[in-house]
Amino acid sequence: MNQNKAVLEYSATDQMVATAAHQIKNSDVVYVGVGLPFLAALLAKYTHAPNCTIIIENGIIRTTSFPLPAATDTLGSQTMSDQLTSLFYVSCLGQAGFISTGFIGAGQVDRYGNVNDTVVGDYLNPTHRWPGSGGANDVMSFCQRTIIMLRQSKRRFQEKVDFITCPGYLDGRPGQREETGLPPSTGPSVVITDLGCYVFEDGEMVLKSIHSGVGITLEQVKAEVGWDIKVSPDIEESIPPTEEEMRILREKVDPSQVWVGGKRRRPGKEP
Amino acid sequence: MNKVMTMKEAISKYMKAGDILFLSGMQHGEPSAAIHEIVRQKIEHLTLVSCLVATSALLLGEGLIDKMVTGYTSQDERSYAIAKAKAMNRLPVFEEYSHFGVSLALFAGQMGIPFIPTKSQIGSDMLKYNENIKSIECPFTGEKTGAVRAIVPDAGIIHVQRADADGNAQKWGTVGVDQEGINASKTVIVTTEKIVDSEVIRRDPNRTIIPGFRVSAVVEQPWGAYPMHLAGCYSGDMWGFYGETGPQESYEAYIKEFVYGVNDWDEYLKKRRAIKGEEYFNNLQINMVMSEPIVTGY
């Protein structure tokens, strides 16, 4: 892989997608949200996880690959599915504990993995409005592990979010999710950004790997976190995408470069 | 009983100002033609219950909605529909749920029960601002759980691939929140690509999403879900619609030309074809995948 690094050109977005894809196991049932999660799920399906089951909120359950959808429900993502059903049905699968892995985007995430997709500032008089939960609250409430993907900036990595749309580990106290009534052994497990990858230890976000292959440094990562982030003692370099993964990403997952190409942006510059 | 009528008749007869309105089609096959007719008839003070219905932005922009029961709506003022509603002092109240929350409220409505327990939304701040989601104690275990209050829409509209004149309606592909939403609704309007013989329905009755006796009106309307896609019928142009109705100037042009500037959806389609060109519509044609017919009988 290190041999590739010298010749292989890839962006921070490519690294994000590859790191996310590596999280998907062959036996996983993956609930995929709109955007980058689709790229990760498709990359995994074309490479190391051909048997994973992909669930899309409108009511799509499938084990074959499909053209990258520009939303969640398209005729491409529907056609030749294993089952076409409803949002109700797939959400019940989650609530009853049958979805191993959830993949969501996020407006903001905080120290304890709480996600804000609603407002910045006061709810009734906000300085910024996102469209709201969609299915994200359901995914993070139900799935055994939820992986959050977002581009990182200090504004989006706050110590405490203004509004909890999707509950993480709340204020970090152990057992709080369960006390609230959320299913046991659920919650955010990994956060993947264009700078690095984070895990949760005792309900708190910990920096686990840095995208060094695209030139990111620890200082850069720390500068884009709104609190004094814990750094794992065995911090590592993110495993870069392989030549094969990059080929598949460009030729099969996103041949028209809608996401990986068209939306390729410099790290840390996102709103 | 034959319930076939025009869109104009169906909307004026079965909808009224102040209705709680359910719109089907969660990013798949929404009743666009019916929505345009509601705007044309200026049926106002609506409470809208729906998930991801693209053309409902027109109801919002034209100031017809008092309250939106929603899981996901752009409320950013960079959206012209929002800015316009706000300028007219017609910005609705947003009652926010997760998508499953909206689905559950409708499911409880369909079941005829006052509320339904759930593990979704608890632990979130949505409960602070939405009095129709609560944290309660399970009466059996004493553990905390969530509860969502039932919603019973006054009117529900669903667009389907085929229905018979009685209203037996069949939709396939993803059904989002259609099943619970349309079955929770008191009055049901079915709009359909094609009215088929009842025998067609009865040879494949598992596909029926709502039975005729629950339906008040049936409207035959080809391309009734355009600009959204509809399984087995046509592909969509959702992003084209968002682009066209996003900026102020083109939104106003769209409303003038394609809502108030036409009498009905057939005229709308004719105008779209003239402006967009045949090739645009040819590109929406699908490569058909045929399934094996199912067998019934005794």
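The structure presented is a predicted model; accordingly, all values stated were derived computationally and were not measured.

**Q** Would you mind going over the overall build of chain B in detail, with residue names and values included?
**A** In terms of regular secondary structure, chain B is built from twelve helices and twelve strands. Counting only C-alpha atoms, chain B reaches 60 × 60 × 35 Å along its principal axes. Looking at chain B residue by residue over its 298 residues, the buried ones come to 57%. Considering only contacts in chain B between residues 6 or more positions apart, those separated by 24 or more positions represent 74%.

**Q** Quick one: what's the story with the side chain of A:Gln152, residue by residue and with numbers?
**A** All names here are of chain A. Relative to the elements of secondary structure, Gln152 occurs in the loop between strand 10 (145–149) and strand 11 (157–158). Relative accessible area serves as the criterion here: at 0%, Gln152 is assigned to the buried category. In this structure the side chain of Gln152 is engaged in a polar contact, spanning 3.4 Å, whose partner is the backbone oxygen of Val221. At a separation of 3.2 Å, a polar atom in the side chain of Gln152 contacts the main-chain carbonyl oxygen of Glu224.

**Q** Got a sec to walk through the nonpolar core? Specific residues and values, please.
**A** Residues B:Ile11, B:Met15, B:Leu21, B:Ile38, B:Leu59 and B:Ile157 are the most contacted members of the largest nonpolar core, which totals 54 residues. Residues B:Val102, B:Ala108, B:Val175 and B:Val218 belong to the second largest nonpolar core, which totals 38 residues.

**Q** Can you tell me about helix 4 (residues 80–87) of chain B, naming the residues and giving the values?
**A** The α-helix advances 3.6 residues per turn, and as a result positions three or four apart in sequence lie on the same side. Residues and elements named next belong to chain B. Within helix 4, the full set of buried residues consists of Tyr80, Ala81, Ile82, Lys84 and Ala85. Buried residues in helix 4 make contact with helix 3 (57–61), strand 4 (93–96) and helix 10 (248–259). In the segment just after helix 4, Asn89 is the residue with positive phi, at about 60 degrees.

**Q** I'd like a description of unusual backbone geometry, backed by residues and values.
**A** Backbone torsion omega between B:Tyr226 and B:Pro227 reads 15 degrees, so that peptide bond is classified as cis. Mapped onto the elements of the fold, B:Pro227 is located in the loop between strand 12 (217–220) and helix 9 (238–245). Although it is not a glycine, A:Ser185 sits at a positive phi angle of roughly 55 degrees. By the element assignment, A:Ser185 lies in the loop between helix 7 (176–180) and strand 12 (188–192). The backbone of B:Gln27 shows a phi angle near 60 degrees, a positive value even though the residue is not glycine. Of note, B:Gln27 is situated in the loop between strand 1 (20–23) and helix 2 (32–40). The buried category is assigned to B:Gln27, whose relative accessible area is 9%.

**Q** How would you summarise the sheet that holds strand 6 (residues 133–137) of chain B if you had to cite specific residues and measurements?
**A** Residue and element names in this part refer to chain B. Judged by pairing direction, the sheet is antiparallel, and its three strands sit side by side in the order 5-7-6 without closing on themselves. Two strands in the sheet have a free side with no partner beyond their single neighbour: strand 5 (115–118) and strand 6. Shown here is a sheet whose adjacent strand axes are inclined to one another by a mean of 35 degrees, direction ignored. Note that strand 6 and strand 7 (residues 144–149) share five bridges and pair antiparallel. Of the residues in strand 7, the one forming a bridge with Ile133 is Val148. Packing of helix 5 (residues 99–111) onto the sheet brings it into contact with strand 5 and strand 7, and relative to strand 5 it is tilted by some 140 degrees.

**Q** Describe the sheet that holds strand 15 (residues 230–237) of chain A, and please don't skip the residues or the numbers.
**A** Residues and elements named next belong to chain A. Sheet architecture is open: ten strands sit in the order 4-3-2-1-5-10-12-13-14-15, paired in mixed fashion. Each edge of the open sheet carries a strand with a single partner, namely strand 4 (83–84) and strand 15. Bridging between strand 14 (residues 204–210) and strand 15 involves four bridges; their strand directions are parallel. Its bridge partner lying in strand 15, Ile210 is registered against Glu237. Contacting strand 1 (29–32), strand 2 (53–56), strand 5 (101–105) and strand 10, helix 3 (residues 36–46) crosses the sheet at an angle of about 140 degrees to strand 5.

**Q** Describe helix 5 (residues 87–95) of chain A, naming the residues involved and giving the relevant values.
**A** Restricting attention to buried positions, one finds in helix 5 of chain A the residues A:Leu87, A:Phe88, A:Val90, A:Ser91, A:Gly94 and A:Gln95. A:Gly97, located one to two residues past helix 5 of chain A, shows a positive phi value of around 95 degrees.

**Q** Describe empty space enclosed by the protein, and please don't skip the residues or the numbers.
**A** Scanning all chains against the criterion turns up three cavities of 30 Å³ or more. The space that makes up the largest cavity amounts to roughly 40 Å³. Around the largest cavity, the lining residues are A:Thr118, A:Gly132, A:Ser133, A:Phe163, A:Thr165, B:Gly71, B:Glu96, B:Tyr97 and B:Met126. Class assignment for the residues of the lining of the largest cavity results in three nonpolar, five polar and one charged.

**Q** Before we move on, could you go through the packing of aromatic side chains and cite the residues and values that matter?
**A** Residue and element names in this part refer to chain B. Under the definition given, this model contains 25 aromatic pairs over all chains. Each member of the aromatic cluster is reached from another via a ring pair, and the members are Trp223, Tyr226, Tyr234, Trp239, Phe241, Tyr242, Tyr254, Phe258, Trp265, Tyr268, Tyr280 and Phe281. Over the aromatic face of Tyr280 sits the side chain of Lys276, whose NZ or CZ is 5.0 Å from the ring centroid.

**Q** Which residues make up the layout of surface pockets, and what are the values?
**A** Looking at the second largest pocket, its volume works out to about 1400 Å³. Lining the second largest pocket are 37 residues, with B:Trp172, B:Gly232, B:Val289, B:Met290 and B:Ser291 sitting closest to its centre. Secondary structure elements with two or more residues in the lining of the second largest pocket: helix 4 (75–78) and strand 4 of chain A together with strand 8 (155–163) and strand 10 (187–195) of chain B. The dominant element in the lining of the second largest pocket, judged by the number of residues it contributes, is helix 4 of chain A, at three residues. Taken together, the residues that form the lining of the second largest pocket break down as 16 nonpolar, twelve polar and nine charged.

**Q** How would you sum up the interface of chain B and chain A? Please name residues and give values.
**A** Counting residues at the interface gives 46 residues for chain B and 46 residues for chain A. In this assembly, chain B packs against chain A so that about 3400 Å² is buried in total across both faces, 61% of it on carbon and sulfur atoms. Between chain B and chain A we count one salt bridge in total. Linking B:Glu96 and A:Arg129 is a salt bridge whose minimum nitrogen-to-oxygen distance equals 2.8 Å. Between chain B and chain A we count 27 residue pairs in polar contact (both at pLDDT 80 or more) in total. For the side of chain B that touches chain A, the secondary structure elements donating two or more residues are strand 4, helix 5, helix 6 (126–129) and helix 9 of chain B. Considering each element in turn, the side of chain B that touches chain A owes the most residues, five residues, to helix 5 of chain B. Counted by class, the side of chain B that touches chain A contains 20 nonpolar, 19 polar and seven charged residues.

What counts as what
- Residues numbered from 1 in each chain as written.
- Chains lettered and ligands numbered in written order.
- Predicted model: local features only at pLDDT ≥ 70, side-chain atom pairs only at ≥ 80, totals over all residues.
- Heavy atoms only, no water.
- Helix = DSSP H or I, 4+ residues; strand = E, 2+ residues; numbered from the N terminus.
- Buried < 20%, exposed > 50% of the residue type's maximum accessible area, 1.4 Å probe, protein only.
- Contact = heavy atoms within 4.5 Å.
- Polar contact = N/O pair within 3.5 Å; in protein donor to acceptor, adjacent residues only side chain to side chain.
- Core = buried A, V, L, I, M, F, W, Y, C linked by side-chain atoms within 4.5 Å.
- Pairing = 2+ DSSP bridges.
- Axes fitted to C-alpha atoms, helices over the stretch in contact; angles between N-to-C directions.
- 1 Å grid on protein atoms, 1.4 Å probe; cavity = no way out; pocket = protein on both sides within 12 Å on 5 of 7 lines; lining within 4 Å.
- Points joined across faces, edges and corners; volume = space filled by probe spheres on them.
- Nonpolar A, V, L, I, M, F, W, Y, C, P; charged D, E, K, R; others polar.
- Phe/Tyr/Trp six-rings, centres within 6.5 Å; stacked < 30°, edge-to-face > 60°.
- Lys NZ or Arg CZ within 6 Å of the ring centre and 35° of its normal.
- Buried area = accessible area lost by both parts, 1.4 Å probe.
- Salt bridge = Lys/Arg side-chain N within 4 Å of Asp/Glu carboxyl O.

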